[in-house]
Protein chains: 4
Amino acid sequence: MVAVLKPGIPQEKIDNLIDWFKSRSLDVHVSKGQYHTILGLIGDTSSIDIDLLRSLDIIESVMRISEPFKSANRKFHPESTVIDINGIKLGGGHFQIIAGPCSVESKEQIVGIAQSAKAAGATLLRGGAFKPRTSPYDFQGLKAEGIEFLLEAKKQTGMPIVTEIMNANHLPLFEDVDVIQVGARNMQNFELLKEVGKTKKPVLLKRGLANTLQELLMSAEYIMSEGNPNVMLCERGIRTFETYTRNTLDLSAIPLLKDLTHLPVVVDPSHATGIARLVKPMAMAAVAAGADAVMIEVHNDPQHALSDGQQSVTPAEFTDIAQRIKKIREVL
Amino acid sequence: MVAVLKPGIPQEKIDNLIDWFKSRSLDVHVSKGQYHTILGLIGDTSSIDIDLLRSLDIIESVMRISEPFKSANRKFHPESTVIDINGIKLGGGHFQIIAGPCSVESKEQIVGIAQSAKAAGATLLRGGAFKPRTSPYDFQGLKAEGIEFLLEAKKQTGMPIVTEIMNANHLPLFEDVDVIQVGARNMQNFELLKEVGKTKKPVLLKRGLANTLQELLMSAEYIMSEGNPNVMLCERGIRTFETYTRNTLDLSAIPLLKDLTHLPVVVDPSHATGIARLVKPMAMAAVAAGADAVMIEVHNDPQHALSDGQQSVTPAEFTDIAQRIKKIREVL
Amino acid sequence: MVAVLKPGIPQEKIDNLIDWFKSRSLDVHVSKGQYHTILGLIGDTSSIDIDLLRSLDIIESVMRISEPFKSANRKFHPESTVIDINGIKLGGGHFQIIAGPCSVESKEQIVGIAQSAKAAGATLLRGGAFKPRTSPYDFQGLKAEGIEFLLEAKKQTGMPIVTEIMNANHLPLFEDVDVIQVGARNMQNFELLKEVGKTKKPVLLKRGLANTLQELLMSAEYIMSEGNPNVMLCERGIRTFETYTRNTLDLSAIPLLKDLTHLPVVVDPSHATGIARLVKPMAMAAVAAGADAVMIEVHNDPQHALSDGQQSVTPAEFTDIAQRIKKIREVL
Amino acid sequence: MVAVLKPGIPQEKIDNLIDWFKSRSLDVHVSKGQYHTILGLIGDTSSIDIDLLRSLDIIESVMRISEPFKSANRKFHPESTVIDINGIKLGGGHFQIIAGPCSVESKEQIVGIAQSAKAAGATLLRGGAFKPRTSPYDFQGLKAEGIEFLLEAKKQTGMPIVTEIMNANHLPLFEDVDVIQVGARNMQNFELLKEVGKTKKPVLLKRGLANTLQELLMSAEYIMSEGNPNVMLCERGIRTFETYTRNTLDLSAIPLLKDLTHLPVVVDPSHATGIARLVKPMAMAAVAAGADAVMIEVHNDPQHALSDGQQSVTPAEFTDIAQRIKKIREVL
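Keep in mind that this is a model prediction, so the values were computed, not measured.

Visitor: Would you explain the environment of Ala272(B) in this entry?
Guide: Residues and elements named next belong to chain B. Turning to its location among the elements, Ala272 is positioned in helix α8 (residues 269-273). With relative accessibility at 0%, the residue Ala272 sits in the buried group. As for Ala272 and Gly237, which are separated by 35 residues in sequence, their C-alpha atoms are 4.3 Å apart. Ignoring any residue separated from it by four or fewer positions in sequence, one finds Ala272 in contact with Arg236, Gly237, Arg246, Asn247, Thr248 and Leu249.

Here it is, written out as structure tokens:
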């Protein structure tokens with residue numbers, strides 16, 4: 001950690017500050033410049049509250065040198081994490097395609113999509129049972145019944161299932177769910193993160209609409225610090241001024257996250273763009289950029305989807321996407 | 001609602017769509033242009049899923065004319081809502097100053113600040129017991145004990161208290177809390193919104209870092225649709241590319257929200273800017289723009305605050321702010 | 001164009017507005033809803049000032065149905081434009097790699113890089129002679145001498161050259177330049193756009209840091225409306241809240257632009273990310289998403305680049321990138 | 001400047017780097033931590049290219065301690081600059097109201113507005129002769145004729161005039177203009193900045209839609225470094241995700257800029273919000289936050305404005321705004 005002092009601070013105040021740092025078992029290296037004095041703090045600075053330091057009236061600025069994330073940090077864990085999802089490996093060179101509808105609507109619907117998605121190359125089934133909707137008047141999902149239907153689709157196809165949790169009190173319903181998804185709007189619902197951290201289940205953690213990659217890693221840290229190392233990070237678009245797309249898919253997040261962390265990176269081009277015809281090029285781009293998995297919304301009848309139909313592709317389109325992805329994987 | 005069709009759609013498909021709208025009890029007015037056909041849908045369109053409509057391959061674009069919020073809409077409730085907070089009125093011309101520390105640290109601290117804030121003109125006491133922190137390794141608040149200390153300060157000063165909830169399971173601890181705050185990171189934690197909606201307590205709902213005003217109103221709608229009309233909206237800065245300030249305080253939200261809704265608007269200049277010396281000018285600006293209340297972080301000893309010290313003002317500074325605000329109120 | 005009227009407008013005012021539209025040779029279709037009256041305007045609405053309409057006190061909102069860009073619009077020009085750059089075709093299936101240093105520093109440097117870039121597969125040479133720098137105290141480029149050195153590199157390698165213009169008065173210096181680049185900061189320097197529009201030279205128009213795709217197309221329209229159809233659009237990252245990368249590369253712009261316009265789309269992953277090790281994955285992703293060209297900063301000695309060294313790749317890395325791009329092109 | 005080295009760098013490489021810094025007349029203070037070595041660079045670091053440093057493969061991060069702006073920096077020029085605009089003082093406690101239409105449309109229009117604006121309390125007249133428009137098909141202003149009409153209004157009312165320049169070649173037309181405005185879209189048109197810097201005329205420099213305050217100050221630096229100290233900075237809204245307002249007015253820019261620089265700060269609430277009814281509350285808020293001037297769009301007949309009518313207020317409304325501003329000024 002580096003602290004830059006304001007110009008013209010009396011030596012006595014500087015000495016007091018240095019003593020305070022030393023009382024925290026930190027070594028302090030002092031560099032005096034023409035205008036500024038710079039303090040380099042050596043040792044474990046994780047207990048120092050950077051906001052508190054900044055509030056001191058003798059401080060101009062403070063910069064953290066070490067990343068604040070530890071369990072997720074590749075520096076301390078150089079090997080890529082491979083997550084075992086009921087026998088299917090994801091990460092560290094193991095690539096998977098997650099597919100399924102935005103919302104589970106009926107047993108027939110989810111079983112039908114699961115079968116066609118599996119035939120086309122998908123290895124994990126997704127589907128929303130609890131749906132976070134901006135409006136209280138919109139369809140909120142089939143809830144517990146939706147999870148039952150997903151489990152039926154899992155039984156019939158053997159595909160592990162991914163579905164979103166919105167309330168830690170619902171965890172008992174997720175007993176047989178293979179991957180618990182934490183949605184973008186709950187990325188900083190720290191109470192929920194702690195509770196899914198107490199399970200050992202794989203967690204798909206979506207990046208919030210306006211969250212930095214460092215915040216995403218800190219939210220992963222919440223889950224990991226409770227004892228659950230099985231975290232996948234999911235880029236699904238960030239909020240910008242551009243209005244043609246629903247969000248802006250930040251694909252540079254893929255190689256950046258792979259530098260910073262050992263956790264696998266999943267990309268969701270469907271929610272990011274909100275436009276079905278962009279899903280194919282963006283899925284291919286995500287794979288070319290090094291994603292460990294893509295998550296694609298597939299619907300057997302996009303015109304009658306109860307939610308997010310706009311971003312769904314048909315099984316035929318999905319088959320084409322899966323084949324092109326496979327070819328790009330071969331190039332890498 | 002207005003739906004614009006793509007060019008060159010066969011009449012039969014258009015007729016099918018119109019029949020479908022009519023089956024939903026909507027009247028349809030058709031305008032045929034050189035390239036586009038426009039359908040004006042007349043009636044209660046709230047049950048129409050706008051994303052679904054957009055997904056149809058014959059549709060170019062869909063625009064909602066009526067705002068999707070109802071209970072919060074000033075059109076249907078022209079009079080400004082006045083919220084009664086344990087005898088103190090807020091909204092509809094009643095202006096209040098909410099003050100207190102970011103975190104409750106001890107009984108002495110919170111009682112001391114409450115007394116000096118009250119003396120300076122504050123009418124409501126705020127203080128964090130449960131603290132949402134980006135890092136799991138940062139101080140998370142005194143929790144239940146923090147609420148006890150707040151209640152002690154309330155007892156000694158008579159000031160109603162405002163404190164944040166992070167988990168609906170903690171609601172029993174909020175029995176004697178006067179205003180429940182829902183933080184920016186939980187603005188779209190819809191499960192939490194529903195639960196605070198089931199209480200009748202005044203709720204201070206903070207705008208999320210990247211949420212539009214319409215989304216803020218839809219989140220208020222979640223609370224109100226459960227039967228709780230006592231919602232205050234709080235602007236506390238949005239995330240932009242500017243890095244000097246922690247967030248960008250969007251003061252135009254004040255007059256805009258007052259047009260759109262009858263609910264009171266509160267402004268938090270402390271969290272928005274993250275810089276103590278900006279709190280005074282921004283609080284004055286918020287009042288000049290028509291805010292119903294400002295919420296100001298005050299600390300008896302900013303250099304030893306356990307969290308967010310950077311944005312705290314001292315009691316002496318707070319006294320000056322409160323006096324200037326009073327004068328601006330007189331001008332309005 | 002669709003205009004939605006406010007509730008409760010007297011019929012006489014509505015009739016006056018309709019008469020005014022009719023005097024502008026527009027047909028008006030009226031749909032009366034429960035709260036709102038909607039006017040569908042049929043005919044050539046391009047002469048209607050949408051801001052003026054919105055300013056009328058009887059208007060709630062106005063929506064343009066037709067895109068405001070014409071010459072660049074794929075609807076009126078379905079075939080993809082192929083630009084001939086001194087014999088090299090770009091667009092409509094013709095893919096090119098543009099490579100070179102951020103700044104031209106010396107004759108030896110630019111000739112050396114041109115030779116190694118050509119050997120590795122680059123077909124166009126880029127290099128900055130006039131450099132837009134945020135600070136007046138930073139290196140501003142070799143200017144006219146830089147262009148001379150570029151022309152020497154062109155002579156020795158046969159590669160057409162791309163270089164940025166900052167001032168229309170410099171156009172005589174660009175006589176033998178093959179592609180004139182308009183930088184992101186000048187994307188809405190409309191006077192400059194008009195002047196490059198008066199030449200017939202291919203123009204590489206970079207998207208501004210905070211400009212929408214529609215604004216990018218309107219700037220292309222400025223060039224095209226002066227008689228120059230040879231415009232290439234370049235995505236180079238937009239400004240967001242994320243701070244790890246310099247900008248956020250918006251790759252969904254590629255398929256979106258290809259839908260909206262017939263003009264070729266170029267991607268610059270070097271400036272977008274500002275991090276050399278992200279250039280390879282992002283270049284590959286851009287190609288997978290359908291870019292017509294990528295522009296890559298190459299430097300023979302990244303540690304001594306006079307500007308933007310951080311985002312430069314070495315000739316060896318560039319060779320690897322060019323080969324991988326070629327393989328991805330084969331998959332498409 | 002502080003440079004943080006990557007972990008595990010051989011001492012020889014560190015020594016080479018230190019020698020290179022010393023050859024640039026810098027002193028280097030070395031702090032060795034557990035993982036990182038930190039170099040504090042003491043002396044005039046303005047000649048060091050921070051991007052170049054970051055590109056070195058032994059460097060983890062580089063932070064500039066001193067602000068890169070010099071002439072505009074309050075540290076080196078503590079007294080607030082007062083700009084003399086043809087006898088009217090602006091800055092350093094001298095507050096002014098700039099008013100006028102977005103576009104000059106006719107001699108009668110501009111003279112009429114000038115007279116009513118002056119009567120209501122405006123001291124400077126603004127009006128657009130050269131108009132930057134997103135579309136080449138929109139009205140581009142009366143150009144030279146517009147300036148003539150402004151000069152006529154100046155003659156009749158005695159009000160100094162403010163109008164925008166878009167092309168340095170037009171400077172001769174600005175001979176008798178009192179304040180040259182550089183628009184938001186040209187904030188980083190560095191060639192234009194240099195040319196207006198060569199005049200001695202007061203310049204009103206508008207913040208770009210996506211430009212940081214530091215970039216705004218660097219653009220002021222371009223003007224000042226050419227010898228023109230008469231720069232006013234103008235906040236006029238930045239681009240964010242919010243769509244209700246055209247831009248988000250960043251009023252915290254006022255106290256921040258006043259800390260960082262001695263230059264006056266002007267606020268334009270009309271362009272920022274794009275909504276006439278928000279102009280009054282935002283103008284009042286700007287004054288309460290400490291602005292040295294506000295610039296308000298006034299139109300004698302908002303329903304027939306040729307451009308930007310939506311954000312114009314009538315002379316009657318302007319009179320009310322000017323009176324309320326006066327009262328808030330008295331409170332400060």
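Visitor: Explanation requested: the interface of chain D and chain A in the structure shown.
Guide: Facing the 23 residues of chain D at the interface are 22 residues of chain A. Approximately 1,900 Å² of surface area, both sides summed, lies buried where chain D meets chain A, with 69% of it carried by carbon and sulfur atoms. Contact with chain A buries surface across chain D, with Ile42(D), Ile65(D) and Phe241(D) losing the most and accounting together for 24% of the total. Taken together, the connections running from chain D to chain A amount to two salt bridges. Where Lys75(A) meets Glu60(D), a salt bridge forms, and the shortest distance between an N and an O atom there is 3.4 Å. Here chain D and chain A share two residue pairs in polar contact (both at pLDDT 80 or more) between them. Within the residue set of the side of chain D that touches chain A, elements represented by two or more residues are β1 (2-5), β2 (27-32), β3 (37-42) and β4 (59-63) of chain D. Tallying contributions element by element places β2(D) first for the side of chain D that touches chain A, with four residues.

Visitor: Help me understand the environment of Thr81(A) in this model?
Guide: Residue and element names in this part refer to chain A. By the secondary structure assignment, Thr81 is in the loop between β4 (59-63) and β5 (83-85). When its relative accessible area of 12% is taken as the criterion, Thr81 is described as buried. Between the alpha carbons of Thr81 and Thr261 there is a distance of 9.1 Å; along the sequence they are 180 residues apart. Every residue in contact with Thr81, bar those within four places of it in the chain, is listed here: Leu90, Gly91, Gly92, His262, Leu263 and Pro264.

Visitor: What is the right way to look at the packing of aromatic side chains in this model?
Guide: One pass over the structure, following the stated rule, counts twelve aromatic pairs over all chains. The interplanar angle of 55° and the centroid separation of 5.5 Å between the aromatic rings of Trp20(A) and Phe21(A) together place this pair among those described as tilted. Given a relative accessible area of 29%, Trp20(A) falls into the partly exposed group. Seen in terms of ring centroids, Phe190(B) and Tyr222(B) are 4.6 Å apart; in terms of plane orientation they differ by 20°. Their pairing is stacked. Taken together, the residues Phe190(B) in helix α5 (residues 190-198) and Tyr222(B) in helix α6 (residues 213-225) connect sequence positions 32 residues apart. Sitting above the plane of the Tyr137(B) ring, Lys70(A) keeps its charged end 5.5 Å from the centroid.

Visitor: I keep staring at unusual backbone geometry and nothing clicks. Help me out?
Guide: Excluding glycine, residues mostly carry a negative phi; peptide bonds, for their part, are mostly trans. In this structure, Asn86(A) takes a positive phi of about 50° despite not being glycine. Structurally, Asn86(A) is set in the loop between β5 and β6 (88-90).

Visitor: What should I look at first to understand the pairing of strand β9 (residues 161-165) of chain C in this one?
Guide: Sheet faces and side chains relate simply in a regular strand, where the side chains alternate between the two faces. Residue and element names in this part refer to chain C. The element β9 is largely enclosed, with a buried count of five among its five residues. Where strand β8 (residues 124-126) and β9 come together, two bridges link them in parallel fashion. In the strand pairing of β9, Arg126 is matched with Val162. Following the chain from β8 across helix α4 (residues 144-157) to the adjacent parallel β9, one finds a crossover that is right-handed. The pairing of β9 with strand β10 (residues 179-182) spans four bridges and is classified as parallel.

Visitor: Just to check I follow, could you spell out the side chain of Glu221(D) for this structure?
Guide: The topology assignment puts Glu221(D) in helix α6 (residues 213-224). Filtering out sequence-adjacent residues up to four positions away, Glu221(D) remains in contact with Pro136(C), Tyr137(C), Phe69(D), Lys70(D), Ser71(D) and Ala72(D).

Visitor: I keep staring at helix α6 (residues 213-224) of chain A and nothing clicks. Help me out?
Guide: In an α-helix, one turn spans 3.6 residues, which is why side chains three or four residues apart end up on the same side. Residue and element names in this part refer to chain A. A rise of 1.5 Å per residue sets the reference length of α6, with its twelve residues, at 16 Å; its end C-alpha atoms lie 16 Å apart and thus fit the reference within 8%. Judged by how many residues are buried, α6 sits mostly within the fold: eleven of twelve residues are covered. For α6, the set of buried residues is Leu213, Glu215, Leu216, Leu217, Met218, Ser219, Ala220, Glu221, Tyr222, Ile223 and Met224. Buried positions along α6 lie against α5 (190-198), β11 (203-206), β12 (231-235) and α7 (253-260).

Visitor: Which parts of the structure should I look at to understand the relation of the copies chain D and chain A?
Guide: Relating one copy of the chain to the other requires a rotation about an axis plus a shift along that axis. Least-squares fitting of chain D to chain A yields an RMSD of 0.1 Å, with the transformation described by 0.0 Å of translation along the axis and a rotation of 180°. As the rotation angle and translation indicate, the two copies are arranged about a two-fold axis. For chain D, the minimum C-alpha distance to the rotation axis belongs to Phe241(D) and amounts to 2.3 Å.

Visitor: Looking at this model, I keep getting lost on the sheet that holds strand β3 (residues 37-42) of chain C. Mind explaining?
Guide: Consider a sheet: its strands pair through backbone hydrogen bonds, and that pairing is either parallel or antiparallel. Residues and elements named next belong to chain C. If you walk across this open sheet you meet the four strands as β2-β3-β1-β4, and the pairing is antiparallel. Looking at the sheet topology across the chains shown, the edges are occupied by β2 (27-32) and β4 (59-63). Averaged over all adjacent pairs, the angle separating strand axes in this sheet is 20°, with direction ignored. Pairing analysis gives three bridges linking strand β1 (residues 2-5) to β3, with the strands arranged antiparallel. Across the sheet, residue Val2 finds its bridge partner in β3, namely Gly40. The sheet strands contacting helix α1 (residues 11-23) are β1, β2, β3 and β4, and the helix crosses β2 at an angle near 150°.

Visitor: Can you help me understand the packing of helix α3 (residues 107-120) of chain B against helix α10 (residues 315-331) of chain B in this one?
Guide: Between two packed helices, what matters for the description is the angle formed by their axes and the separation of those axes. Residues and elements named next belong to chain B. Across the interface, α3 lies against α10 with an axial gap of 9 Å and an inter-helix angle of 25°. With respect to each other, α3 and α10 are oriented roughly parallel. Once α3 is placed against α10, the crossing between them reads as right-handed. Where α3 abuts α10, its residues Ser116, Ala117 and Ala120 lie against Pro315, Phe318, Thr319 and Ala322. Taken together, the residues that form the contact of α3 with α10 break down as five nonpolar, two polar and no charged.

Visitor: When you look at the environment of Lys13(D) in this model, what are you seeing that I'm missing?
Guide: All names here are of chain D. With respect to the helices, strands and loops of the structure, Lys13 is situated in helix α1 (residues 11-23). With a relative accessible area of 40%, Lys13 lands in the partly exposed category. Each C-alpha atom, one on Lys13 and one on Gly92, is 51 Å from the other, the two residues being 79 residues apart in sequence. Leaving out residues up to four positions away in the same chain, Lys13 has contacts with Asp57 and Ile58.

The rules behind each value
- Residues numbered from 1 in each chain as written.
- Chains lettered and ligands numbered in written order.
- Predicted model: local features only at pLDDT ≥ 70, side-chain atom pairs only at ≥ 80, totals over all residues.
- Heavy atoms only, no water.
- Helix = DSSP H or I, 4+ residues; strand = E, 2+ residues; numbered from the N terminus.
- Buried < 20%, exposed > 50% of the residue type's maximum accessible area, 1.4 Å probe, protein only.
- Contact = heavy atoms within 4.5 Å.
- Buried area = accessible area lost by both parts, 1.4 Å probe.
- Salt bridge = Lys/Arg side-chain N within 4 Å of Asp/Glu carboxyl O.
- Polar contact = N/O pair within 3.5 Å; in protein donor to acceptor, adjacent residues only side chain to side chain.
- Phe/Tyr/Trp six-rings, centres within 6.5 Å; stacked < 30°, edge-to-face > 60°.
- Lys NZ or Arg CZ within 6 Å of the ring centre and 35° of its normal.
- Pairing = 2+ DSSP bridges.
- Right-handed = clockwise from strand over helix to strand, strands pointing away.
- Expected span 1.5 Å × (residues − 1).
- Least-squares fit on C-alpha atoms with pLDDT ≥ 70 in both.
- Axes fitted to C-alpha atoms, helices over the stretch in contact; angles between N-to-C directions.
- Parallel < 35°, antiparallel > 145°, perpendicular 65-115°, else oblique.
- Left-handed = near helix turned anticlockwise from the far one by under 90°.
- Nonpolar A, V, L, I, M, F, W, Y, C, P; charged D, E, K, R; others polar.

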